[in-house]
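Topology and contacts: notes
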Amino acid sequence: ERFLTLARPYQPQEGSCAVQMVLPQTLEFLGNELMKNQIRVETAIAPNLPPVLADPKQLHGVFLNLMMNAIQAMVAVHGRGTLTVSAQLSAAGIAPSASGEGQKEDWVEVRIQDDGPGINPADKARLFEPFFSTKPPEEGTGLGLWIVRTSLMAIKGTVTCETELGQGSTFIIRLPVAKPTGSREPPAIRNG
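These numbers come from a predicted model, not from an experiment.

**Here's the deal with the nonpolar core**
Counting 37 residues, the largest nonpolar core has V19, L59, F63 and L83 as its most contacted members. If you list the elements that add at least two residues to this core, you get α2 (19–29), β3 (52–54), α4 (56–78), β4 (81–96), β5 (102–114), α6 (144–154), β6 (158–164) and β7 (168–176). Ignoring any residue separated from it by four or fewer positions in sequence, one finds L83 in contact with L27, L34, I39, R40, V41, E42, M67, A70, M74, I112 and Q113.

Written out as structure tokens, the structure reads:
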């Protein structure tokens with residue numbers, strides 16, 4: 001299915017998307033998987049997050065992929081676990097503007113954390129490479145995290161991973177807040 005997605009990519013329908021709606025829907029979709037594998041879910045999702053400019057279906061796929069990886073990692077190491085999902089507004093720094101001056105950029109930051117085995121430091125550097133997998137060949141293609149990263153890059157988002165062996169992993173997704181219509185930057189002035 002992932003190979004077909006690459007061969008015939010889905011055309012995202014970018015629009016205003018509410019992360020605080022997509023995350024619970026993804027968890028609900030995974031309800032049976034979570035229950036079957038004795039995964040306890042803890043959430044801290046801010047209710048009034050501003051919208052992000054993304055395709056809800058695409059974001060659902062990103063969250064689903066990361067949550068499934070977390071579930072598989074926890075089940076493999078102790079047959080159960082705790083999945084922690086949070087989302088909050090974060091002023092993440094300065095983004096360059098058309099005028100060359102920095103402009104404060106707001107982000108919605110989503111964290112998907114597991115209490116699984118963590119990731120070997122040697123593997124962490126290659127996590128988002130296509131066809132790289134720490135799973136046996138019959139269990140993974142090595143395309144999941146690459147697709148996550150590629151999908152997020154298309155909407156100017158990012159994904160990083162914090163991990164420590166024996167302490168689990170946290171995937172941090174940062175999504176730029178959608179600018180209200182009519183608040184576009186003025187065009188750069190040209191001399192000449």
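So much for the structure itself; the text now carries on.
**Structural notes on the pattern of salt bridges**
The tally for this structure, following the rule as stated, stands at 4 salt bridges. Its salt-bridge partner being E42, residue R40 comes within 2.7 Å of it at the nearest N-O pair. The exposure class of R40 is partly exposed, given its relative accessible area of 48%. Given a relative accessible area of 32%, E42 falls into the partly exposed group. The residue E109 makes a salt bridge to R111 at a minimum N-O spacing of 3.0 Å. One salt-bridge network, in which partners are shared between bridges, spans E109, R111 and E162.

The rules we used
- Residues numbered from 1 in each chain as written.
- Predicted model: local features only at pLDDT ≥ 70, side-chain atom pairs only at ≥ 80, totals over all residues.
- Heavy atoms only, no water.
- Core = buried A, V, L, I, M, F, W, Y, C linked by side-chain atoms within 4.5 Å.
- Buried < 20%, exposed > 50% of the residue type's maximum accessible area, 1.4 Å probe, protein only.
- Helix = DSSP H or I, 4+ residues; strand = E, 2+ residues; numbered from the N terminus.
- Contact = heavy atoms within 4.5 Å.
- Salt bridge = Lys/Arg side-chain N within 4 Å of Asp/Glu carboxyl O.

None of this, on its own, says anything about what the molecule does.
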